[in-house]
Amino acid sequence: MYRLLIILISFLFTAPAVHASVAIPYIFVKNYTVDDYKASCQNWGFSLTPDGMLYAANNSGLLAFDGNTWKLYSLPGQEEITGITYYNDTIYTRNTTMLGSWTGDRDGILHYHPLNTIPPEVRFTPPPIEIPFTLPKEIQDAHPSAFATNGTYFFIGTLTQGLYITASDGTILQHLSLQNQLQDNIVRFICIQDSQQIWVALDNGLSQITFNPPITLLGKRSSIGKLINAGLDGEELYMQTNLGYFKRSLVAGSPFVPVTETETRPYLKIEKETVPALKQLFRDTEALGVFARAEHIYPAGDDLYWLSIGNEAGLFHVADGIGTLKCRLLFDNYNMNLVTRGKRIIPLNDSLVLISAMQGALLINIRELIGNSLGNTPLKISGLEYIDASGTHHLPINTQRISLPHDFQEFNAWVGTTIFTSNHQISYKIEGVSSDWSAWQRDGKISFLQLPEGRYELKVRKYVIKGPYPELTLSIEVRPPWYNTVWAWLVYIALVWFLVQSVLRYNLKNLHKEEQEKAEAERQAEQQQMQVMKNRMLETELQNKNNELTLQTTALVKRNQAVQSLLEELEKQKETLGERYPNKLYTRMKTLMEETLNNQSDWVLFESYFNSTHQNFMDRLRQQYNDLTTGDLRICCLLRMNLSTKEIASLMNVSVRAIELRRYRLRKRLELEGDTNLVDFLMGF
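Residues numbered from 1 in each chain as written. Predicted model: local features only at pLDDT ≥ 70, side-chain atom pairs only at ≥ 80, totals over all residues. Heavy atoms only, no water.

Participant: Just to check I follow, could you spell out the pairing of strand β18 (residues 227-233) for this structure?
Facilitator: Looking along a regular strand, one sees the side chains alternate between the two faces of the sheet. Here β18 pairs with strand β19 (residues 236-241) via six bridges, running antiparallel. Within β19, the position partnered with L232 by the bridge is L237. Counting the residues between successive antiparallel strands, the hairpin from β18 to β19 contains two residues, one of them, G234, with a positive phi of roughly 70 degrees. (Pairing = 2+ DSSP bridges. Helix = DSSP H or I, 4+ residues; strand = E, 2+ residues; numbered from the N terminus.)

Participant: Where do I start with a nonpolar patch on the surface in this structure?
Facilitator: Judged by side-chain polarity, V496, V500, L504, L508 and L511 come together as a nonpolar surface patch covering roughly 440 Å² of accessible area. Its place among the elements puts V500 in helix α9 (residues 486-577). Residue classification places V500 among the partly exposed positions, given a relative accessible area of 41%. (Patch = residues over 30% accessible without salt bridge, like charges linked within 9 Å, V, L, I, M, F, W, Y side chains within 5 Å. Areas by Shrake-Rupley, 256 points an atom, 1.4 Å probe, with all protein chains shown as cover. Salt bridge = Lys/Arg side-chain N within 4 Å of Asp/Glu carboxyl O. Buried < 20%, exposed > 50% of the residue type's maximum accessible area, 1.4 Å probe, protein only.)

Participant: Just to check I follow, could you spell out the environment of D680 for this structure?
Facilitator: Take D680: it is sitting in helix α16 (residues 678-684). The class of D680 is exposed, set by a relative accessible area of 53%. Taking the C-alpha atoms as reference points, D680 and N642, 38 residues apart in sequence, are found 9.3 Å from one another.

Participant: Would you take a moment to explain the nonpolar core for this structure?
Facilitator: Membership of the largest hydrophobic core comes to 37 residues, with the highest contact counts inside it found for F155, L163, I209, M239 and L354. Per element, the largest residue contribution to this core is three residues, and it comes from strand β15 (residues 197-202). Contact partners of I209, with chain neighbours within four places excluded, come to I27, F28, V29, L163, L176, Q196, Q197, I198 and V200. (Core = buried A, V, L, I, M, F, W, Y, C linked by side-chain atoms within 4.5 Å. Contact = heavy atoms within 4.5 Å.)

Participant: How should I be thinking about the sheet that holds strand β29 (residues 380-388) in this particular structure?
Facilitator: Adjacent strands of a sheet form backbone hydrogen bonds with each other and so pair up, either parallel or antiparallel. If you walk across this open sheet you meet the four strands as β30-β29-β32-β34, and the pairing is antiparallel. Either end of the sheet is taken by a strand with one partner, and the two such strands are β30 (391-395) and β34 (445-449). Sheet twist, expressed as the mean angle between neighbouring strand axes with direction ignored, is 20 degrees. In terms of strand pairing, strand β32 (residues 410-416) meets β34 through five bridges, oriented antiparallel. (Axes fitted to C-alpha atoms, helices over the stretch in contact; angles between N-to-C directions.)

Participant: Honestly, the side chain of N412 in this entry has me stumped. Any pointers?
Facilitator: Note on placement: N412 falls in strand β32. By relative accessible area, which is 2% here, N412 ends up buried. Reaching out from N412, the side chain makes a polar contact with the side chain of E410 at a distance of 3.5 Å. When neighbours within four sequence positions are excluded, N412 is seen to be in contact with G383, L384, E385, I387, K445, I446 and S447. (Polar contact = N/O pair within 3.5 Å; in protein donor to acceptor, adjacent residues only side chain to side chain.)

Participant: So what exactly am I meant to see when it comes to the sheet that holds strand β16 (residues 206-211) here?
Facilitator: Read across the open sheet, the four strands follow the order β1-β16-β15-β14; overall the sheet is antiparallel. Each edge of the open sheet carries a strand with a single partner, namely β1 (27-32) and β14 (187-194). The average undirected angle you get between the axes of adjacent strands in this sheet is 20 degrees.

Participant: Would you take a moment to explain the packing of aromatic side chains for this structure?
Facilitator: Centre distance and the angle of the planes are the two values used to describe a pair of aromatic rings. Applying the stated criterion across every chain yields a total of 24 aromatic pairs. Between F65 and W199, the ring centres sit 6.5 Å apart and the planes meet at 75 degrees, which makes this aromatic pair edge-to-face. On the criterion of sequence distance, the pair formed by F65 in strand β4 (residues 61-65) and W199 in strand β15 is long-range, its members being 134 residues apart. One exposure class covers both F65 and W199, and it is buried. With 5.8 Å between their ring centres and 40 degrees between their planes, Y463 and Y469 make a pair best called tilted. Overall, the relative accessible area of 0% leaves Y463 in the buried class. Over the ring of F256 we find R248, and its NZ or CZ is 5.4 Å from the ring centre. Over the ring of Y463 we find R328, and its NZ or CZ is 6.0 Å from the ring centre. (Phe/Tyr/Trp six-rings, centres within 6.5 Å; stacked < 30°, edge-to-face > 60°. Lys NZ or Arg CZ within 6 Å of the ring centre and 35° of its normal.)

The structure is reproduced here in structure tokens:
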């Protein structure tokens, strides 16, 4: 890996060593507070794993960090962890009362196992290092508490004055404390990540320190002001800020010295021509990605241009209107922010660039930055879970296709970039929901709420300095509810078929019933019609019989009247002629006439006609009034026919007076009241 000082070796090695056998390193300190890792402020140690995980012993338990997300694992009794080490794929921890180990399951969750003993190879303290010099009194007075070395520098933590970085002869090269970049003065542990980075466990938080980084904060804005312009003369940097003019050496630790405008002006960058617009430089601006909406353009020489938008900048080489990305910078990765107004990027030479940030002046070594970006580790899943009404459900971290119930409430995925990279920003999108990538975020937690049933792809990309973004893809299926599954639809089809069949059968049954009812109605109507016709025929027949009875009766009345008239005439003739009318003839004629008037065969025929016409009237009278005589029955029949007393007397060949007497006796036998009309009674009987 190239370093800034190695790149500038031509003048750095010729500069005074400021009493040191090793050049003073540039450093970049990244502090993590309790707000970042959500645990106790006090940390006791570190352990690094080959897959890029950092584990820290904390008063709240075991802290795990994958470069993006902190996770806390508590001990069963919520006790602190004061010692930690990694051995043979297992994390071992201890405190004053207990030992234990931690192993991960398929869901990426660590589980604690109490131990009575540990393998002899497991050590919680690093091997002691040999200090080849006598500690300076300044360090001794600060009460040294932790020692480490990367082979070039020696790191000495103290209990009162933070961290000292020394050369092999004991010369103090850097002193980091609460007043200078560190967030606490009590150092508990120092862990060497590699030759360029160390981790420091503090009594209040923890810190990652990078040596000779490609991005260096040369001066804080609170000290030198807002950067306006700058230029380089060999190893001397000249700057113009809103507070005046300054110069300093590029050797680490060199102070800013105020100078005059006259001394500084010859070295400042002067734009000799107007910067062309974006569409004048590039034929296809859409190929620039996010930089197609660049807010500022800065020429960097040799057909190179810096484009900046928001808090990101990209270096492009332009040839025949085609832009080729050389590198890109997202300043969020370094906890820095570009200024919103004024010049942001000032190229110093073909590898060094000065950036005007809100925090101060940043020096960037492009070659070293690109060199550090090579060999980026891929993204990895460190946790998957979903939440529904029944609780939280963890999924295996090696799941290629995630299946979620339709009623899930929240889905969470944790994506890590490992601690071996300076670029921890990630972005994601869910194809099928959104076509746009989310904003870059340092937190590795990706969370989304309910999704409609269907298939989706969760795509996650990692920010890199050069080249395409590494991506990770997870297939997600949101299962349909039980009532929308294939089996449910088969049941629905079966139910619909059964319902249709039932409706058809019901309709056919009703149709058949209606046809039967219609046929029955037609049959009954036909029967009624036949009955009406029959009744009409019966009525006609009855009327005919009644008419015949009436005619017969009328004929009998007339015959009897005629016979009676003849008999009366015979009597008159006998009375007139006397002896002249022979008695033999008179008797013969009178006998014949009286036999004719008293002929019983006529009454038998009359009764037959009367019964057929008046529905056995005489039989019913006999059943109810059994003391009625034959004469009474005949008078009842004749009265029912509404004949007059005279006509009845004629038919019965008696006097009218006799008929009236017989009617009187008949009323008594019929037990009729005085106000009851005999004829009406017989007519209604």
